[in-house]
Amino acid sequence: MDIFSAAVMLFLIMDPLGNLPIFASILRHIEPKKRRRVLIRELLFALGIMLLFLFAGEAILNFLNLRSESVSIAGGIILFLIAIRMIFPQPGGVVGLAAGEEPFIVPMAIPLMAGPSVLAALILLAHTDSTRMLDWTIALLAAWGASAVILLFYKVFTRVLGEKGLTAVERLMGMVLVMISVQMFLDGIASYMTHMGQVSQ
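For the chain, the name recorded in an unreviewed UniProt entry is UPF0056 inner membrane protein, with Shewanella violacea as its organism. The heading Sequence similarities (unreviewed entry) in the UniProt record of the chain holds the text "Belongs to the UPF0056 (MarC) family."

Here it is in structure tokens:
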């Protein structure tokens with residue numbers, strides 16, 4: 001896999017367009033003058049976490065005696081809880097934050113931007129060919145940069161869709177996110193069961 005192919009793969013997994021309604025919903029509950037600062041901070045947190053997993057993800061999981069399936073299962077549970085709040089809105093929005101309260105790392109940086117699929121893909125890239133870490137870093141930075149530009153201009157999409165349109169898209173994305181989170185959870189369970197079956201043989 002070349003740098004361009006890796007960057008496209010990571011960009012598609014990050015799914016910034018799919019995350020737009022969720023990010024917009026979260027940011028709506030923050031004071032307008034703080035929104036861009038919060039968004040940039042969370043994007044930088046996500047980048048830092050992805051770089052950490054690219055260079056040390058496998059070592060971290062081994063040190064904690066965790067399997068990569070744990071990342072998938074935990075991420076699926078968190079995304080499911082967020083999706084339920086998107087479909088059935090509650091005070092405080094999709095993450096239960098009071099108006100004006102800022103999200104911190106969860107859920108914007110993790111698992112929306114640096115989700116289990118992205119972290120698993122980064123670990124896989126590093127594991128497949130550890131001699132090309134510079135290539136994988138460039139691919140990650142390119143994918144993150146493109147995603148960050150799209151998310152930083154979320155207001156344009158909000159203006160085009162309008163309040164009712166954004167609410168409708170949020171509910172629809174909530175339904176999609178439920179399916180994604182369940183699939184993520186089941187994939188983690190299936191992979192773990194397969195591993196246990198191989199160990200027992």
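A. Broad picture of the overall build of the chain. When helices and strands are counted, the chain shows eight helices and zero strands. Beginning at the N terminus, the succession of helices and strands in the chain can be written as α-α-α-α-α-α-α-α. In terms of overall size, the chain behaves like a compact globule, its C-alpha atoms giving a radius of gyration of 17 Å where 201 residues would be expected to give roughly 17 Å. When the backbone C-alpha atoms are referred to their principal axes, the chain occupies close to 55 × 35 × 25 Å. Expressed as a percentage of the 201 residues in the chain, the buried residues total 41%. Considering only residue pairs separated by 6 or more positions, the chain has 88% of its internal contacts joining residues 24 or more positions apart. Carbon and sulfur atoms make up 71% of the accessible area of the chain, which amounts to about 10,600 Å² in all.

B. Representation of the nonpolar core in the model. Counting residues in each nonpolar core, the largest one holds 53 residues, and the members touching the most others are Leu-10, Met-14, Leu-39, Leu-43, Met-50 and Trp-144. Elements supplying a minimum of two residues to this core: α1 (3-14), α2 (16-27), α3 (32-63), α4 (68-87), α5 (108-113), α6 (116-128), α7 (133-152) and α8 (154-200). Sequence-distant contacts of Leu-43, defined by excluding residues within four places in its chain, comprise Met-113, Trp-144, Ala-148, Leu-151 and Leu-152.

C. How the structure looks around the pattern of salt bridges. Under the criterion given, the structure shown has two salt bridges. The closest approach of N and O atoms between Arg-41 and Glu-42, which form a salt bridge, is 3.1 Å. Note that Asp-135 and Arg-132 form a salt bridge whose closest N and O atoms lie 3.0 Å from each other. For Arg-132, a relative accessible area of 23% corresponds to the partly exposed category.

D. Looking closely at the packing of α1 against α7. Taken N-terminus to C-terminus, the directions of α1 and α7 make an angle of 40 degrees; their axes are 8 Å apart at the nearest point. The angle between α1 and α7 falls in the class oblique. Considering the relative orientation of α1 and α7, their crossing is right-handed. Of the residues in α7, those in contact with Ile-3, Ala-6, Ala-7, Leu-10, Phe-11 and Met-14 of α1 are Asp-135, Trp-136, Ile-138, Ala-139, Leu-140, Ala-142, Ala-143, Trp-144, Ala-146, Ser-147 and Ile-150. Taken together, the residues of the contact of α1 with α7 break down into 15 nonpolar, one polar and one charged.

Rules of the game
- Residues numbered from 1 in each chain as written.
- Predicted model: local features only at pLDDT ≥ 70, side-chain atom pairs only at ≥ 80, totals over all residues.
- Heavy atoms only, no water.
- UniProt positions renumbered as here; feature names shortened; annotations may be inferred.
- Helix = DSSP H or I, 4+ residues; strand = E, 2+ residues; numbered from the N terminus.
- Rg over C-alpha atoms; globule rule 2.2 N^0.38 Å.
- Buried < 20%, exposed > 50% of the residue type's maximum accessible area, 1.4 Å probe, protein only.
- Contact = heavy atoms within 4.5 Å.
- Areas by Shrake-Rupley, 256 points an atom, 1.4 Å probe, with all protein chains shown as cover.
- Core = buried A, V, L, I, M, F, W, Y, C linked by side-chain atoms within 4.5 Å.
- Salt bridge = Lys/Arg side-chain N within 4 Å of Asp/Glu carboxyl O.
- Axes fitted to C-alpha atoms, helices over the stretch in contact; angles between N-to-C directions.
- Parallel < 35°, antiparallel > 145°, perpendicular 65-115°, else oblique.
- Left-handed = near helix turned anticlockwise from the far one by under 90°.
- Nonpolar A, V, L, I, M, F, W, Y, C, P; charged D, E, K, R; others polar.

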